[in-house]
Amino acid sequence: MKKRSNLKIMLKLSGLVRPLAGWMACAVLMGVTGFLCSIMIPVLGGYGILDAVNAGSPFTVKTVCIIVGTLALLRGILRYGEQACNHYIAFRLLALIRHKVFAALRKLCPAKLEGKDRGNLISVITSDIELLEVFYAHTISPVVIAAVMSLAMTFLIGRYHWLAGLIALCGYVTVGAAVPLMISRRSGSVGMEFRKGSGELSSFVLDSLRGLKESQQYGTGEKRLSELENKTDRLSEKQERMSSMTGRNMALTNTLILIVDFLQLGVCTWLYLDGQMGFDGLLISVIATMSSFGPVIALANLGSTLQNTFAAGNRVLDILEETPQVAGTAGKEKTVFSGAGLEKVTFGYGDELVLQDLSLQVKPGKITGIVGRSGSGKSTMLKLLMRFWDAQEGRVEISGKDIRQVNASDLREMEGYMTQETHLFHDSIAANLRIAKLSASREELEEACRKASIHDFIMTLPNGYDTEVGELGETLSGGERQRLGLARAFLHDAPLLLLDEPTSNLDSLNEAVILKSLRDQQEERSVVLVSHRASTMNIADQVYQAEELSGKRSC
Ligand SMILES: Nc1ncnc2c1ncn2[C@@H]1O[C@H](COP(=O)(O)OP(=O)(O)OP(=O)(O)O)[C@@H](O)[C@H]1O
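First, a word on what this report is: a plain description of the structure on this page. (Residues numbered from 1 in each chain as written. Predicted model: local features only at pLDDT ≥ 70, side-chain atom pairs only at ≥ 80, totals over all residues. Heavy atoms only, no water.)

1. Side note on the nonpolar core
With 70 residues, the main nonpolar core has Y47, I97, V101, Y136 and I319 as its most contacted residues. The residues contacting Y47, other than those within four sequence positions of it, are S57, P58, F59, V64, Y160 and I284. If you look at the next biggest cluster of nonpolar residues, it comprises 37 residues, including A448, A452, Y465 and I514. (Core = buried A, V, L, I, M, F, W, Y, C linked by side-chain atoms within 4.5 Å. Buried < 20%, exposed > 50% of the residue type's maximum accessible area, 1.4 Å probe, protein only. Contact = heavy atoms within 4.5 Å.)

What follows is the structure, given as structure tokens:
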């Protein structure tokens, strides 16, 4: 995780508000006016007292009562308006940030998803983004409001005597800036640790849910449960530390406000007795000081929660600013498929070298087979042809061009990729198939499913193609899921089909139907077939042995 200063996080997060600057100005304006109304109520009360004791007031008691009533009503309306604006901004921005994060993930994936623990990513996408609401609804405009109000009140009180104004200003700066900064510094990395721990807990829960059957089978449920409890306890400890900091922060803030109030009272009384300030100055300065800490208290309370918010912001910014493994290509001349290949390619994941100086050719209209022991890099070759990763050395070619010069959209159009695991969404079978071709008609779906030998099975289901598949496709067998994956690949109708173990879960009857489909369409497309099954490999026109890196034998 990249370490950024809180100021940098704040500036970057604030930068996102730009499209809603008008709304933000509205919130600040209503906030300032609202606080002015509420502070002026006791101050006007002071003018009322001055009038009642004939000590020289610009307002009569009657006028004061009318103005106070109006201000009270206005205060309610303005507070509502400010909160409505802030929350409108916050939720619009959360939607905008989610959009940005998903757009960033689209560029980062699939390489990112292969490496990163997904639970942690889910925690960033859900709770971390959610937490930024605190920043947008309760941080930006309160900071501006507190700054404007502090200056306005310093000016009002300072009109009676500069020393009274200075005391008020020192009070605002201490409570609104020094205390939150100190608390935020003292709380150190707890917020960051809490967010990290929360992400790890999500990962653990997701992992445990996925492995529920294994835990039951091998009786490791208790162990997993106790690990879960440990993690939760550690997270609760951190939360407790944060809560106790919040408590101490509030106690410190309230004590400081009392000290400033008493100091103001003492100093103004002395100034009055010394003849440097009138009775009106004493009364109004003290009342104004006592009633004007509202905006800065809002900032003081942020001190402890902000660490958590900044930690969340830091994790979100990490994703937004991460450089993708592969820079997407766009704006190049359209590429039409006419063959593919790897030319002296060397590739490794991090330090682990997987392919070295490897070459292979995928000829149009031919079925190219790749065999080899598990872990020899067969799937990796397909991923390089899909450009999920870029080769470290050598050249991956599509239609004679370097793959990095081919538009990403052309690549997705030209290639159909079936992985070893078919992911099915919690939706109908038809909708699951249509992700390969959104506009596909029912006839097209059926044709693809016939080729993948799954049509007859679908027709036995209660709602046929409209049958819902359970979450993660759990209601279907491995072979059924695999054939649906293959039907998707057929439906996509790309000229280059990359199939990773398409028949590993199938009986020989279904395998035969699928191989026949591949043979029948051979004229129209090139197929790269990775398989451990000799019966499947029999249909390949040429077979590469993964271990013989650059070696090749024809069948
Ligand atoms: N995203 C990844 N990050 C790090 N290492 C990886 C990643 N994907 C694969 N590997 C490693 O690269 C090597 C080649 O993996 P690959 O999946 O290409 O092998 P394979 O020949 O297709 O294996 P199998 O026949 O078992 O599917 C393996 O050692 C694997 O552990």
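2. Notes on the environment of S127
With respect to the helices and strands, S127 occurs in helix α5 (residues 118–138). According to the relative accessible area criterion, S127 is partly exposed, its value standing at 27%. The sequence separation of S127 and G199 amounts to 72 residues, and the corresponding C-alpha distance is 9.0 Å. The contacts of S127, once residues within four sequence positions are left out, are I122, R195 and S198. (Helix = DSSP H or I, 4+ residues; strand = E, 2+ residues; numbered from the N terminus.)

3. Details of the site of the ligand
Of all residues adjacent to the ligand, which total 15 residues, the nearest are E114, S374, K378, S379 and T380. One of the backbone N or O atoms of G377 is found 3.0 Å from an oxygen atom in the ligand. Separating an oxygen atom of the ligand from a side-chain N or O atom of S379 is a distance of 2.7 Å. For the ligand, whose unbound accessible area comes to 640 Å², protein coverage reaches 69%. Within the residue set of the shell around the ligand, elements represented by two or more residues are β2 (352–362) and α13 (378–385). Partitioning the shell around the ligand into residue classes produces 3 nonpolar, 8 polar and 4 charged. (Near = heavy atom within 4 Å. Polar contact = N/O pair within 3.5 Å; in protein donor to acceptor, adjacent residues only side chain to side chain. Areas by Shrake-Rupley, 256 points an atom, 1.4 Å probe, with all protein chains shown as cover. Nonpolar A, V, L, I, M, F, W, Y, C, P; charged D, E, K, R; others polar.)

4. As for the pairing of strand β3 (residues 367–371)
Taken across its 5 residues, β3 has 5 buried, putting it largely inside the fold. Going residue by residue along β3, you find I367, G369 and V371 tucked away on one face and T368 and I370 tucked away on the opposite face as well. Inspection of the sheet shows β3 paired to strand β9 (residues 542–545) by 4 bridges, in the parallel sense. The partner of I370 across the bridge, within β9, is Y544. (Pairing = 2+ DSSP bridges.)

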